[in-house]
Amino acid sequence: MANQKAAVSLERLLVMGAARMSRPVNSMRRALESSPSGIIAEFKRRSPSKGWLHAGARVEEVVPAYERGGAAACSILTDGDFFGGSLGDLQRARAQVRLPLLRKDFIIDEYQLFQARVTGADAVLLIAATLTRHECLQLARTAHALELEVLLEIHHERELACLHPAIDMLGVNNRNLGTFHTAVENSFRLMERIRAEAGTARSSPLPVSESGLSEAATVVQLREAGFRGFLIGETFMKTGQPGEALTAFITQMNHQPEGLHEATDD
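All figures in this text were calculated on a predicted structure; none of them were measured in a lab. (Residues numbered from 1 in each chain as written. Predicted model: local features only at pLDDT ≥ 70, side-chain atom pairs only at ≥ 80, totals over all residues. Heavy atoms only, no water.)

A.B. asks: Can you lay out the environment of Ala225 for me, pointing to particular residues and giving the numbers?
C.D. replies: Relative to the helices and strands, Ala225 resides in helix H10 (residues 216-225). With 38 residues separating them along the chain, Ala225 and Ser187 place their C-alpha atoms 9.1 Å apart. In contact with Ala225, other than residues within four places in its own chain, are Phe188, Met191 and Arg195. (Helix = DSSP H or I, 4+ residues; strand = E, 2+ residues; numbered from the N terminus. Contact = heavy atoms within 4.5 Å.)

Below, the structure is given as structure tokens:
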């Protein structure tokens, strides 16, 4: 981050991206609310736990295929060290599709929010485990000032303390960031606490389940439990044809029997 700020100052970034800053943003929350699938399809070349998934993946091929396949929104990894992504990926994605785009990265500095707005994001991810409550609030307020929506990611109940009205969407990460163990039951377990903390008001954050979603039946179960967004990356990217995999996944969702109640771990 320090190197990026040294190479391109905030003032220069704003001058370079002045035209892009005036671009109307697409609401990711509204897209998820109105989508029959609620899938946030992720462009991710590699994973810290799984290694390379699709090393040669090109945004120009994958992201438009996601849009055609029925994704409600797309998540673009911009971290290079762990995920093989870049801000260039986000910028290219913006030029290709009209879907809401989420910048997924380790956001710790307001400068990254300006980068996100300039390069085409409509929403940003804030990870509660990497921020204090005060930092989360400040970053969320700055994001809103830039007309960006905020997806707050939590894994433990204690991180619900970071909730406040500036949070548009609340993501439950089913993957433990310390052990990389994935258990979808985490989303089902935390939903009751989310309801208690956020209430049922229209201003409450929209629930999103993240990681470990490899079965259509599991997503249907999560939807019945109250989730409206489902962030899925590895399941699609590892196939070599992510757009086709998404289309097949949604078809499977549409053919699941109603009234599924059992939680499934991945």
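A.B. asks: Please give an account of the pattern of salt bridges that cites residues and values.
C.D. replies: Within the structure shown, the criterion is met by 19 salt bridges. Asp89 serves as the salt-bridge partner of Arg92, at 2.8 Å between the closest nitrogen and oxygen. In this pair, Arg92 and Asp89 both sit in helix H6 (residues 87-96), 3 residues apart, roughly one turn of the helix. Overall, the relative accessible area of 0% leaves Asp89 in the buried class. Counted as one network, the salt bridges with shared partners bring together Glu42, Lys44, Lys50, Lys104, Arg175 and Glu234. (Salt bridge = Lys/Arg side-chain N within 4 Å of Asp/Glu carboxyl O. Buried < 20%, exposed > 50% of the residue type's maximum accessible area, 1.4 Å probe, protein only.)

A.B. asks: Run through the environment of Ala216, naming residues and quoting values.
C.D. replies: Mapped onto the elements of the fold, Ala216 is located in helix H10. On the accessibility criterion, Ala216 (2% relative accessible area) is buried. For Ala216 and Phe249, which are 33 residues apart along the polypeptide, the C-alpha to C-alpha distance reads 6.0 Å. Setting aside anything within four residues of it in sequence, one finds Ala216 in contact with Phe249, Gln252, Met253 and Gln256.

A.B. asks: Please set out unusual backbone geometry residue by residue, giving values where relevant.
C.D. replies: Leaving glycine aside, a negative phi is the common case for residues, and trans is the common case for peptide bonds. Positioned with a positive phi, Glu147 is a non-glycine residue whose angle comes to about 70°. Turning to its location among the elements, Glu147 is positioned in the loop between helix H8 (133-145) and strand E7 (149-154). Even without glycine at this site, Ser211 takes up a positive phi of about 80°.

A.B. asks: Would you mind going over the packing of helix H5 (residues 59-69) against H6 in detail, with residue names and values included?
C.D. replies: Between H5 and H6, the shortest axis-to-axis distance is 9 Å and the interhelical angle comes to 50°. Our classification of the angle between H5 and H6 gives oblique. Pair H5 / H6 crosses with right-handed handedness. Between H5, through Val59, Glu60, Val63, Pro64 and Glu67, and H6, the contact on the second element is made entirely by Asp89, Arg92, Ala93 and Gln96. (Axes fitted to C-alpha atoms, helices over the stretch in contact; angles between N-to-C directions. Parallel < 35°, antiparallel > 145°, perpendicular 65-115°, else oblique. Left-handed = near helix turned anticlockwise from the far one by under 90°.)

A.B. asks: Requested: an account of the packing of aromatic side chains, with residues and values cited.
C.D. replies: Counted by the stated rule, this structure contains 4 aromatic pairs. A network of ring pairs unites the aromatic residues Tyr66, Phe236 and Phe249 as a single cluster. Between Arg46 and the ring centre of Trp52, over which it is positioned, the NZ or CZ distance is 5.3 Å. (Phe/Tyr/Trp six-rings, centres within 6.5 Å; stacked < 30°, edge-to-face > 60°. Lys NZ or Arg CZ within 6 Å of the ring centre and 35° of its normal.)

A.B. asks: Outline the side chain of Asp122, supporting the account with residue identities and numerical values.
C.D. replies: When you line up the elements, Asp122 lands in the loop between helix H7 (110-119) and strand E6 (123-127). Judged by relative accessible area, which is 0%, Asp122 ranks as buried. Residues in contact with Asp122, not counting those within four places in the same chain, are Arg23, Val25, Asn26, Arg94, Leu99, Pro100, Leu101, Glu147, Leu148 and Glu149.

A.B. asks: Which residues make up the packing of H10 against helix H12 (residues 242-254), and what values do they have?
C.D. replies: Close contact between H10 and H12 brings their axes to 8 Å; oriented N to C, the two are set at 55°. Comparing their axes, H12 and H10 come out oblique. Viewed along their axes, H10 and H12 form a crossing whose handedness is right-handed. Contacts between H10 and H12 involve Ala216, Val219 and Val220 from the former and Phe249, Gln252 and Met253 from the latter. Grouping the constituent residues of the contact of H10 with H12 by class yields 5 nonpolar, 1 polar and no charged. (Nonpolar A, V, L, I, M, F, W, Y, C, P; charged D, E, K, R; others polar.)

A.B. asks: Before we move on, can you summarise the confidence of the model for the protein chain with the specific residues and values?
C.D. replies: Per-residue confidence for the protein chain gives a mean pLDDT of 91; residues scoring 70 or more make up 94%. Overall, residues 261-266 carries pLDDT values under 50, and its contacts beyond four positions in sequence, including any with other chains, amount to 16 contacts. (pLDDT = per-residue confidence, 0-100.)

A.B. asks: Please provide a residue-by-residue account of H8, values included.
C.D. replies: Its 13 residues give H8 an end-to-end C-alpha distance of 18 Å, which sits within 8% of 18 Å, the value for a rise of 1.5 Å per residue. Regarding H8, the residues found buried are Cys136, Leu137, Leu139, Ala140, Thr142 and Ala143. Buried residues along H8 sit in contact with H7, E6 and E7. Positioned one or two residues after H8, Glu147 has a phi angle of 70°, which is positive. (Expected span 1.5 Å × (residues − 1).)

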